[in-house]
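# Observations on the model geometry
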Amino acid sequence: MSVVVDGLTKDFGAFRAVDDVSFGVPSGQVTGFVGVNGSGKTTTMRVMLGLLAPTAGSTTFDGRTYSDLPHPRRSVGAVVDRIGAHPGHSARRHLTMVATSAGLSLGRVDAALDEVGLLDVADRPIGRYSMGMTQRCALAVALLGEPETLILDEPANGLDPAGIRWLRDRMRAWADEGRAVMVSSHQLAELAVVVDRLVVLRDGGVVFVGSVDALQSGPGSLEDAVFDLLVDDSSVPVATPTQNSTPAVTS
Amino acid sequence: MSRGVRVDALNAISTPTAWILLAASMVMAAGSLTANLLAFEVDELTARATLQQAMHASTVATLTFSLVAGLVSATSDYRFGRIDQLLLSEPSHRAVVAAKALVGAGVGVIYGLFGGIVAVAVLRVFYSVRDVPVDLTSTVVIEPLVGAVLASALFGMIGIGMGTAIRNQPAAVAGGLAMLLVVQPPMLIGLPEVGRWLPGAAGLSMTFNPDDALLGALQGGCVLVAWTALAVIAGWRRLVALGAG
Ligand SMILES: Nc1ncnc2c1ncn2[C@@H]1O[C@H](COP(=O)(O)OP(=O)(O)OP(=O)(O)O)[C@@H](O)[C@H]1O
Ligand SMILES: [Mg+2]
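Since this is a predicted model, take the numbers as computed values, not measurements.

### Let's talk about the interface of chain A and chain B
- Tallying the contact residues gives 28 residues for chain A and 25 residues for chain B.
- Buried surface at the junction of chain A and chain B, both sides included, amounts to about 2,300 Å², of which 57% is carbon and sulfur.
- Taken together, the links from chain A to chain B amount to 2 salt bridges.
- Where Asp84 of chain B meets Arg82 of chain A, a salt bridge forms, and the shortest distance between an N and an O atom there is 2.8 Å.
- Linking chain A with chain B are 13 residue pairs in polar contact (both at pLDDT 80 or more), by the criterion used here.
- For the side of chain A that touches chain B, the elements supplying multiple residues, two or more each, are α2 (72–75) and α3 (91–102) of chain A.
- Counting residues per element, the side of chain A that touches chain B draws most heavily on α3 of chain A, which supplies 7 residues.

Now the structure itself:
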């Protein structure tokens, strides 16, 4: 399953968070999604998944929008920016509810928990999980439907070194199995090890789409090449409405 | 949508808040019924009007808590981001809101039934302690309880609709309670030609409340159904417009 994002734009009131973004997430590859804080990565991913209505543009999964997929959880697994569970519910209950709501086999619940290493603590309330445990739980939810496409928003956040290595190996394996993997991250060096392609956002707009090789043509690391795309001065960059190079247009 | 109903029902029974609110509604129903009965002399207890007034107090508690339960449930889905996971499983906003509204109605029915059981139990004990005969199967007792079950189901759905539209939990709960307990009672007294059409008053009509300013039970029921539809549609349209946030 390949994903095509076409002319995606998202306004929050007068502020344009995502500006005419187009890129593809081909199957069999890991596509990295980078940009400074506030550059629009999470917003783009939430619009792709139908969690936010786009102002303009579309996202298709093998030609269908997310809402037209016959079994969305079997087609697309997602880690979004919040766990989306009642803090009093255990991971097992949370996954059971997701499986129920998606019509997935309940047998997948323990399998997914086992895969992310949460089986031993599966009955503890999520509200008492550590950051990394919460993140593993989010990954387990993404894996529940054994999806063909994975859209992961900063999935490595809070993971311990073993977890980061596990995730890196899994992303590689998923892609090698023919799945499409999209992953946002700020860990450029870590990302450089696993991604085949990169989409670089700046102020809500795409400044680079293409293979890692194309970006890394000159001397220096991939990290340096991406860093040069993200920033053009030495100050710590954070995208803000006033910094937005494209004035917001609401028409 | 049936999967949505299952998962929302599962969520309702596995969330402590829902049980705490149910217990609170039963305590309130029992408390206000008892307080009302205590205000009467023993020789007044057999009067139809006495029972009517006492039953009315208990049903108001039930309806109020049913509304609050709906508001808390719907706004919790935003507060904890549960709405993300619901939409990822069922991308149709209409199906998600419809499932939530149906479960809200089911929870309302449970509030109505438990409120009724509490009311009958309190009446039994109170009248036997006072050694006054009471017919617990008379229409004065049964009509308000049946009406409360139905009105409570609609209030549960209104809570879901309003909560889905307002999103912010404190604002939604405060707004719902203010609408029911602060704005409407004086309007019913001061401006009954308007006040009787509001949701709170329509709910009271459904419980066969004897207040002259109110609509009839059936008419009140129709008005409350209209308010319910309005609230649920408002929640659905707001979810479509804003997404999961
Ligand atoms: N619901 C919202 N209402 C208004 N503005 C929003 C909303 N959500 C996001 N934004 C704004 O949109 C911009 C992009 O935010 P987004 O979360 O997509 O960035 P990001 O690239 O994921 O950042 P980070 O690396 O910090 O996760 C930011 O300026 C943010 O303030
Ligand atoms: Mg983000």
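### Topic: the nonpolar core
- Of all hydrophobic cores here, the largest spans 70 residues; its most connected members are Phe23, Met48, Leu49, Phe61, Ile151 and Met182 of chain A together with Leu224 of chain B.
- At 9 residues, helix α3 (residues 48–79) of chain B tops the list of elements feeding residues into this core.
- The residues contacting Leu49 of chain A, other than those within four sequence positions of it, are Tyr66, Val76, Ala78, Val80 and Ile151 of chain A together with Leu88 of chain B.

### Here we look at the sheet that holds strand β7 (residues 180–184) of chain A
Residue and element names in this part refer to chain A.
- Spatial ordering of the open sheet is given by β5-β6-β7-β3-β8-β9, a layout of 6 strands whose pairing is mixed. Single-partner strands in this sheet number two, and they are β5 (76–79) and β9 (205–211). Neighbouring strand axes in the sheet, compared pairwise and without regard to direction, differ in orientation by 10° on average.
- As paired strands, strand β3 (residues 30–34) and strand β8 (residues 197–202) are joined by 4 bridges and run parallel to one another. Opposite Val34, over in β8, you have Val200 as the bridge partner.
- Running over the sheet, helix α5 (residues 131–143) touches β5 and β6 (149–153) and is turned about 170° from β5.

### Observations regarding the packing of helix α2 (residues 16–38) of chain B against α3 of chain B
Residues and elements named next belong to chain B.
- Remark: α2 packs on α3, axes separated minimally by 8 Å, with the N-to-C direction vectors making an angle of 165°. Considering the angle they form, α2 stands roughly antiparallel to α3. Once α2 is placed against α3, the crossing between them reads as right-handed. For the pair α2 and α3, contact is made by Thr17, Leu21, Ala24, Ser25, Met28, Ala29, Ser32, Leu33, Asn36 and Leu37 and by Thr50, Gln53, Ala54, Met55, Ala57, Ser58, Ala61, Thr62, Phe65, Val68, Ala69 and Val72, respectively.
- Residues belonging to the contact of α2 with α3 are distributed by class as follows: 14 nonpolar, 8 polar and no charged.

### Notes on the packing of aromatic side chains
- As enumerated under the stated definition, the model contains 3 aromatic pairs over all chains in all.
- An angle of 40° between the planes, with centres 5.5 Å apart, marks the rings of Phe23 of chain A and Phe33 of chain A as tilted. One end of the pair, Phe23 of chain A, is in strand β2 (residues 15–25); the other, Phe33 of chain A, is in strand β3, and 10 residues separate them in sequence.
- For the pair Phe126 of chain B and Tyr127 of chain B, a centre-to-centre distance of 6.3 Å together with 65° between the ring planes defines the contact as edge-to-face.
- Overall, Tyr127 of chain B belongs to the buried group, its relative accessible area being 1%.
- Over the ring of Trp236 of chain B we find Arg237 of chain B; its NZ or CZ atom is 4.7 Å from the centre of that ring.

### Here's the deal with α2 of chain B
All names here are of chain B.
- For α2, spanning 23 residues, the distance from its first C-alpha to its last is 33 Å, which sits close to the expected 33 Å at 1.5 Å a residue.
- Every buried residue belonging to α2 is among Leu21, Leu22, Ser25, Ala29, Ala30, Ser32, Leu33, Asn36 and Leu37, and all of these are buried.
- Here the buried face of α2 lies against α3 and α5 (93–130).

### Some thoughts on the sheet that holds strand β1 (residues 3–12) of chain A
Residues and elements named next belong to chain A.
- The strand order across the open sheet built from 3 strands is β2-β1-β4, with neighbouring strands paired in antiparallel fashion. Looking at the sheet topology across the chains shown, the edges are occupied by β2 and β4 (56–61). Neighbour-to-neighbour, the strand axes of this sheet turn through a mean angle of 20°, independent of strand direction.
- Across 7 bridges, β1 lies against β2 in antiparallel orientation. Bridging from a neighbouring strand, Phe12 pairs with Phe15 of β2.
- Along the sheet, helix α1 (residues 41–48) makes contact with β1, β2 and β4, crossing β1 at roughly 115°.

### Some remarks on the confidence of the model for chain A
- The pLDDT averaged across chain A works out to 91; a share of 91% of its residues lies at or above 70.
- For residues 242–251 of chain A, every residue scores under 50 in pLDDT, and the model assigns this stretch 15 contacts once sequence neighbours within four places are set aside.

Basis of the calculations
Residues numbered from 1 in each chain as written. Chains lettered and ligands numbered in written order. Predicted model: local features only at pLDDT ≥ 70, side-chain atom pairs only at ≥ 80, totals over all residues. Heavy atoms only, no water. Contact = heavy atoms within 4.5 Å. Buried area = accessible area lost by both parts, 1.4 Å probe. Salt bridge = Lys/Arg side-chain N within 4 Å of Asp/Glu carboxyl O. Polar contact = N/O pair within 3.5 Å; in protein donor to acceptor, adjacent residues only side chain to side chain. Helix = DSSP H or I, 4+ residues; strand = E, 2+ residues; numbered from the N terminus. Core = buried A, V, L, I, M, F, W, Y, C linked by side-chain atoms within 4.5 Å. Buried < 20%, exposed > 50% of the residue type's maximum accessible area, 1.4 Å probe, protein only. Pairing = 2+ DSSP bridges. Axes fitted to C-alpha atoms, helices over the stretch in contact; angles between N-to-C directions. Parallel < 35°, antiparallel > 145°, perpendicular 65-115°, else oblique. Left-handed = near helix turned anticlockwise from the far one by under 90°. Nonpolar A, V, L, I, M, F, W, Y, C, P; charged D, E, K, R; others polar. Phe/Tyr/Trp six-rings, centres within 6.5 Å; stacked < 30°, edge-to-face > 60°. Lys NZ or Arg CZ within 6 Å of the ring centre and 35° of its normal. Expected span 1.5 Å × (residues − 1). pLDDT = per-residue confidence, 0-100.

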